[in-house]
Amino acid sequence: MPWQWIGLALFTLTLLPAGSAMLADRVPRTWRGRLAPVRPRGAAVLLIYAAAPVNAIPRLTSAAPDTALMCTAVGGALAVGGCLVLGFATHWPRRSPGRGERGHA
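Here's what I pulled together on the structure shown here. Remember, predicted model here, so these are calculated numbers, not experimental data.

Details of the overall build of the chain
- Summing up its helical and strand segments, the chain has four helices and zero strands in all.
- Secondary structure elements of the chain occur, N-terminal to C-terminal, as α-α-α-α.
- When burial is assessed residue by residue, the chain has 22% of its 105 residues classed as buried.
- In the chain, the proportion of contacts linking residues at least 24 apart, taken out of those at least 6 apart, comes to 62%.
- Carbon and sulfur atoms make up 68% of the accessible area of the chain, which totals about 7500 Å².

Considering helix α4 (residues 65–91)
- The terminal C-alpha atoms of α4 lie 39 Å apart, and with 27 residues this matches the ideal 39 Å at 1.5 Å per residue to within 8%.
- For α4, the complete set of buried residues consists of Ala68, Cys71, Gly75, Gly82 and Ala89.
- The elements touched by buried residues of α4 are α3 (38–60).

Regarding a nonpolar patch on the surface
- Where nonpolar side chains cluster on the molecular surface, the patch consists of Val80, Leu84, Phe88 and Trp92 and spans about 430 Å² of accessible area.
- Considering the arrangement of structural elements, one finds Phe88 in helix α4.

A word on the packing of helix α1 (residues 2–23) against α3
- One can describe the packing of α1 onto α3 by two numbers: an axis separation of 8 Å at closest approach and a directional angle of 155 degrees. With respect to α3, the element α1 is oriented roughly antiparallel. α1 and α3 meet at a crossing whose hand is left-handed.
- Classifying every residue of the contact of α1 with α3 gives 17 nonpolar, five polar and three charged.

Notes on the environment of Val85
- Along the chain, Val85 turns up in helix α4.
- Excluding anything up to four places from it in sequence, Val85 contacts Pro40, Ala44 and Leu47.

Details of the side chain of Arg41
- With respect to the secondary-structure elements, Arg41 resides in helix α3.
- For the buried Arg41, no salt bridge is present, and the opposite-charge side chain at shortest range is Asp25, 11 Å distant.
- Setting aside chain neighbours within four positions, we find Arg41 in contact with Met22, Arg34, Leu35, Ala36, Leu86, Ala89 and Thr90.

Rules of the game
Residues numbered from 1 in each chain as written. Predicted model: local features only at pLDDT ≥ 70, side-chain atom pairs only at ≥ 80, totals over all residues. Heavy atoms only, no water. Helix = DSSP H or I, 4+ residues; strand = E, 2+ residues; numbered from the N terminus. Buried < 20%, exposed > 50% of the residue type's maximum accessible area, 1.4 Å probe, protein only. Contact = heavy atoms within 4.5 Å. Areas by Shrake-Rupley, 256 points an atom, 1.4 Å probe, with all protein chains shown as cover. Expected span 1.5 Å × (residues − 1). Patch = residues over 30% accessible without salt bridge, like charges linked within 9 Å, V, L, I, M, F, W, Y side chains within 5 Å. Salt bridge = Lys/Arg side-chain N within 4 Å of Asp/Glu carboxyl O. Axes fitted to C-alpha atoms, helices over the stretch in contact; angles between N-to-C directions. Parallel < 35°, antiparallel > 145°, perpendicular 65-115°, else oblique. Left-handed = near helix turned anticlockwise from the far one by under 90°. Nonpolar A, V, L, I, M, F, W, Y, C, P; charged D, E, K, R; others polar. Lys, Arg positive; Asp, Glu negative; His and termini not counted.

Everything listed here is a matter of geometry and, on its own, says nothing about what the molecule does.
Written out as C-alpha cells, the structure reads:
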C-alpha cells in the first residue's frame, strides 16, 4: 500500500506539471526542437499520467475486487492510448517554417 502512495505522489509531482505545461505550449525554447509538436506530446503525457490515479485510487480506498480490476483495465487503456498518441506525435511531420521564421537545416 505505501508503494501505491509513493508512486501516485511521484507521478503527480512529475508528469502532471510537465504534461500540463506542454499542453499549454509553455516549454523552454531550447526544448522546442526536441519536443515538437509540443501539445500532442503534452496530451500523451497526461494520458499516461491518468493511468496512475485510475489504477491506484480504487486500491487505496479498498474498493471491491471487480471495481479495482475494471479500473486497472481502464488505466491500461489510458496508458496505451498515451503511448499511441506519443508515437504518432513523434512521427508527425514538422510544420514548415512560416513567414519570418528560420528553419534549422
